[in-house]
Amino acid sequence: MSDRGTLRIQQISAHPGPVAGEGVQRQDKVCKLIDTTTCIGCKACEVACVEWNDMPFQTTYFDNTYQTMPDTDWNYWNLIKFNEDQHDNGSFAWLMRKHQCMHCEDPGCLRACPADGAIVQYSNGIVDFQQEHCIGCQFCVSGCPFNIPKFNPNTKKVYKCTLCSDRVGAGLEPACIKACPTGCLHFGTKDDMKFLAENRASQLREVSGFQNAGVYDPDTIGGTHVIYVLHDATKPERYGNLPAKPRIPLSFTVWKDIFKPIGLFGAMLGFVGVVMHYVFEGPRREQPAPPVVRIDPPPPPAGKEN
Amino acid sequence: MATSADRFVHRSNPIDRMGRTVVYTGELLRHPVYTRFLHWMVGIFFFLALLSGFGIYLPWIFRFFTPLFGGGATTRFLHPWFGLAFVFFFALQAINWLQVMRWTPDDSRWMKHIKQYVTRSDSVESPETGFFNAGQKMQFWEIVGGCVAYVITGVIMWLPEIFGRILVAISYVVHDISALVMLFGIFFHVYLSTFGEPGTIQAMTRGTVSEGWAWTHHPSWYKAVTGRDPAEALEEAKRRNTPPPLPPRTL
Ligand code: HEM
Ligand code: SF4
Ligand code: SF4
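My aim in this report is to walk through the structure given alongside it, one point at a time. Note that the structure is a prediction, hence the values are computed from the model and not measured.

1. Details of the sheet that holds strand 5 (residues 119–122) of chain A
Residue and element names in this part refer to chain A.
Now for step 1: Within the open sheet, the three strands sit side by side as 1-5-6. Their pairing is antiparallel. Taken across any chain shown, the strands that pair with only one partner, and hence form the sheet edges, are strand 1 (9–12) and strand 6 (127–129). Sheet twist, expressed as the average angle between the axes of neighbouring strands with direction ignored, equals 30°.
Now for step 2: Relative to strand 6, strand 5 runs antiparallel, the two being bridged by three bridges. Bridge assignment links Val120 to a residue of strand 6, and that residue is Asp128.

2. Re the site of ligand 2
Now for step 1: Every one of the 14 residues lining ligand 2 counts as a neighbour, but Cys101, Met102, Cys104, Cys109 and Cys144 of chain A are closest to it.
Now for step 2: Along the lines of polarity and charge, the residues of the shell around ligand 2 split into eleven nonpolar, two polar and one charged.

3. A short note on the state of the cysteines
Residues and elements named next belong to chain A.
Now for step 1: Applying the stated criterion across every chain, the model contains zero disulfides over all chains.
Now for step 2: Not engaged in a disulfide, the cysteine Cys31 finds its nearest cysteine sulfur in Cys176; these two sulfurs lie 12 Å apart.
Now for step 3: Here Cys161 stays unpaired: no disulfide links it, and the sulfur of Cys101, its closest cysteine neighbor, is 5.3 Å away.
Now for step 4: The buried category is assigned to Cys161, whose relative accessible area is 9%.

4. Quick notes on the pattern of salt bridges
Two side chains with opposite charge may pair up if their charged atoms get near one another.
Residue and element names in this part refer to chain A.
Now for step 1: Within the structure shown, the criterion is met by 22 salt bridges over all chains.
Now for step 2: The residue Lys29 makes a salt bridge to Glu105 at a minimum N-O spacing of 3.9 Å. Of this pair, Lys29 sits in the loop between strand 1 and strand 2 (30–35) while Glu105 sits in the loop between strand 4 (92–99) and helix 2 (108–112), placing them 76 residues apart in sequence.
Now for step 3: The exposure class assigned to Lys29 is partly exposed, which follows from its relative accessible area of 28%.

5. A word on a nonpolar patch on the surface
Now for step 1: On the surface, a nonpolar cluster with roughly 1000 Å² of combined accessible area is contributed by Phe265, Met268, Leu269, Phe271, Val272, Val275, Met276, Val279 and Phe280 of chain A together with Phe184 and Phe188 of chain B.
Now for step 2: Contributing elements (two or more residues each) for the nonpolar patch: helix 7 (254–280) of chain A together with helix 9 (165–196) of chain B.
Now for step 3: In terms of residue count, helix 7 of chain A provides more of the nonpolar patch than any other element does, nine residues in total.
Now for step 4: Mapped onto the fold, Phe265 of chain A is located in helix 7.
Now for step 5: The class of Phe265 of chain A is exposed, set by a relative accessible area of 58%.

6. Topic: the interface of chain A and chain B
Now for step 1: With 46 residues of chain A at the contact, the number on the chain B side is 54 residues.
Now for step 2: When the two sides are added together, the surface that chain A and chain B hide from each other amounts to roughly 4200 Å², 64% of it contributed by carbon and sulfur.
Now for step 3: Of all residues in chain A, Lys260, Arg284 and Gln287 of chain A give up the largest surface area on contact with chain B, accounting jointly for 20% of the area buried on that side.
Now for step 4: At the junction of chain A and chain B, the tally comes to three salt bridges.
Now for step 5: The residue Glu125 of chain B makes a salt bridge to Arg284 of chain A at a minimum N-O spacing of 3.9 Å.
Now for step 6: On inspection of chain A and its partner chain B, the count reaches 17 residue pairs in polar contact (both at pLDDT 80 or more).
Now for step 7: Residue assignment for the side of chain A that touches chain B shows that the elements contributing at least two residues are helix 3 (139–143) and helix 7 of chain A.
Now for step 8: At 15 residues, helix 7 of chain A tops the list of elements feeding residues into the side of chain A that touches chain B.

7. Regarding the coordination of the iron atom of ligand 1
Residue and element names in this part refer to chain B.
Now for step 1: Taken together, His39 (NE2) and His189 (NE2) make up the protein donors of the iron atom of ligand 1, found 1.9 Å from the metal.
Now for step 2: Around the iron atom of ligand 1, the six donor atoms are arranged such that angles at the metal cover 87 to 179°; this shape is classified as octahedral. Of this pair, His39 sits in helix 2 (residues 33–57) while His189 is found in helix 9, placing the two residues 150 residues apart along the sequence.
Now for step 3: Assessed through its relative accessible area of 16%, His39 is described here as buried.
Now for step 4: Classification of His189 by relative accessible area gives partly exposed; the value is 32%.

8. Brief notes about the environment of Gly169 of chain A
Residues and elements named next belong to chain A.
Now for step 1: Tracing the backbone shows Gly169 in helix 4 (residues 165–169).
Now for step 2: Relative accessible area serves as the criterion here: at 17%, Gly169 is assigned to the buried category.
Now for step 3: In this structure the C-alpha to C-alpha distance between Gly169 and Thr6, which are 163 residues apart in sequence, comes to 5.4 Å.
Now for step 4: Apart from residues no more than four positions distant in its own chain, Gly169 is found in contact with Thr6 and Leu7.

9. Structural notes on helix 7 of chain A
Now for step 1: Between its first and last C-alpha atoms helix 7 of chain A spans 37 Å; for 27 residues at 1.5 Å apiece the expected length is 39 Å, and the two agree.
Now for step 2: At Lys260 of chain A, helix 7 of chain A shows its maximal bend, which comes to roughly 35°, and the proline Pro261 of chain A appears one to four places after that position.
Now for step 3: Of the positions making up helix 7 of chain A, those classed as buried are Trp255, Lys256, Lys260, Gly263, Leu264, Ala267, Gly270, Val274 and His277 of chain A.
Now for step 4: Turning to helix 7 of chain A, the residues buried within the fold contact helix 2 of chain A together with helix 2, helix 3 (59–62), helix 6 (114–119) and helix 9 of chain B.
Now for step 5: At the C-terminal side of helix 7 of chain A, Gly282 of chain A shows a positive phi close to 80°.

Here is what the cut-offs are and how they apply
Residues numbered from 1 in each chain as written. Chains lettered and ligands numbered in written order. Predicted model: local features only at pLDDT ≥ 70, side-chain atom pairs only at ≥ 80, totals over all residues. Heavy atoms only, no water. Pairing = 2+ DSSP bridges. Helix = DSSP H or I, 4+ residues; strand = E, 2+ residues; numbered from the N terminus. Axes fitted to C-alpha atoms, helices over the stretch in contact; angles between N-to-C directions. Near = heavy atom within 4 Å. Nonpolar A, V, L, I, M, F, W, Y, C, P; charged D, E, K, R; others polar. Disulfide = S-S within 2.5 Å. Buried < 20%, exposed > 50% of the residue type's maximum accessible area, 1.4 Å probe, protein only. Salt bridge = Lys/Arg side-chain N within 4 Å of Asp/Glu carboxyl O. Patch = residues over 30% accessible without salt bridge, like charges linked within 9 Å, V, L, I, M, F, W, Y side chains within 5 Å. Areas by Shrake-Rupley, 256 points an atom, 1.4 Å probe, with all protein chains shown as cover. Contact = heavy atoms within 4.5 Å. Buried area = accessible area lost by both parts, 1.4 Å probe. Polar contact = N/O pair within 3.5 Å; in protein donor to acceptor, adjacent residues only side chain to side chain. Donors = N, O, S within 2.8 Å, 3.2 Å for Na, K, Ca; no water. Tetrahedral: all angles 85-135°; square planar, octahedral: opposite > 155°, others 65-115°. Expected span 1.5 Å × (residues − 1). Bend = angle between axes of the 7 residues up to and from the residue.

Structure representation (structure tokens):
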């Protein structure tokens, strides 16, 4: 799902040794900016994603919402979440949020993955799955704070948004950006997008009366390469389970990187232990054993035993 | 002749009748065919699950294990089935051994002089050691507990859609710890049943052990099945083995 020719790799899941090519070429960090305040829920980006990635459409059902389906899927990587938000005074607003992979700077999926090369992070920040190396364990699902990787039971592989790494590698913007009619989606370097987002947020605070407007770029995972402008950045949960402080479970960081090798070392001490026992103490023979010719060194004098 | 069957209820079943156990003079029946069959099924699936599991556990060290099973994806597919087969056969074995594995006051006493056992300071086991010693029983119960942990955490990781990411993340650690403890223990098991106590492995292959093995390693069991006192039997064997004194030399 990627174009390795033009994108340099910065991080590889479960990879022994150094990452070839890391830091060889300077690459700007890229970023997608989603301004939820100007999204009209037209779903043009959903269509563009399915079209560009040439995915078979998925049957869905009507469950009293405008949302295309309850959640993203292995063949549906980009979903506008239609969150109905009730205000204290009884009025109501739609908090529409384009939901897709956040391309985390510290990706929980990559941290969790046990397969060498199944998940890579490019120097420009894009996190991409390499299905040919995926073993289908779904640990990435558990490692991801945003519930993004989706399993295809037929291929036994996991899929998600690639941030159109194939297009970006060729100097194009992602397909969703190209399709958006309101200009609520932007794509560029992380610095530029951060600048644009902060500007828009202060405009919302100062001009439009959204006192809590702000930018969602959570630092618990080192920031993301997809950022949001929210009307109310203090409660991102209102936008359909967007976590305020996304975290990677310690199992995939502390346990996997530190205690797994130590634990293995500990277990192998059992092997060393039995070999050394044989060397130092020797076997217990069935009695009566053949007569002893010599014991080296001689046993301690009587009375001093044990 | 009295057999180990007197010590725990083992009704002969179809698997026992498919094979045979030949007990020669000077030997005692230790494990019937059914027990041996289960033990080696457990052993086979344990190592299959272990190797396939370690291919996933630390692929940057154990990357050479996954090709043995047909690559990463196939290894991941097979591992749960190996594990289930291991647990299935071990569950049958646990039922088979439930009686003999019961912890007794003798076992607590045995644990008190475990240091002498490790340093081999006595030439034979302490007289209260029965069919299994306390160390063997501890390992058995560790495996029972480990199997329960494996199944619960394994199913959670197998069906993440149902259990959710946090339970999977916890299970992952518990599953790993269970594997590490069992791996640590299995070194002792394999060592003691081969090099560490010669004459033991035939208990699980041919199903019999020598009387000498029995009074050396499991004296109380020896007493129960033969009715003879293990210490006396040993003294008698020593007398039999000692060559007669040489005739006085005349110059
Ligand atoms: C090459 C590997 C193995 C060898 C040579 C081996 C050998 C033996 C022998 C000779 C016995 C009988 C001991 C006696 O009668 O006192 C035994 C018992 C037993 N085996 Fe194994 N075994 C092996 C692997 C395993 C594995 C992988 C497991 C389970 C994970 C296992 C579980 C047990 C248990 C629970 C017992 C009964 C208690 C004990 O002796 O600790 N064995 N084994
Ligand atoms: S959002 Fe999830 S899938 Fe995407 S990079 Fe972050 S952890 Fe990985
Ligand atoms: S399912 Fe996810 S964690 Fe498992 S190998 Fe594939 S990409 Fe890696």
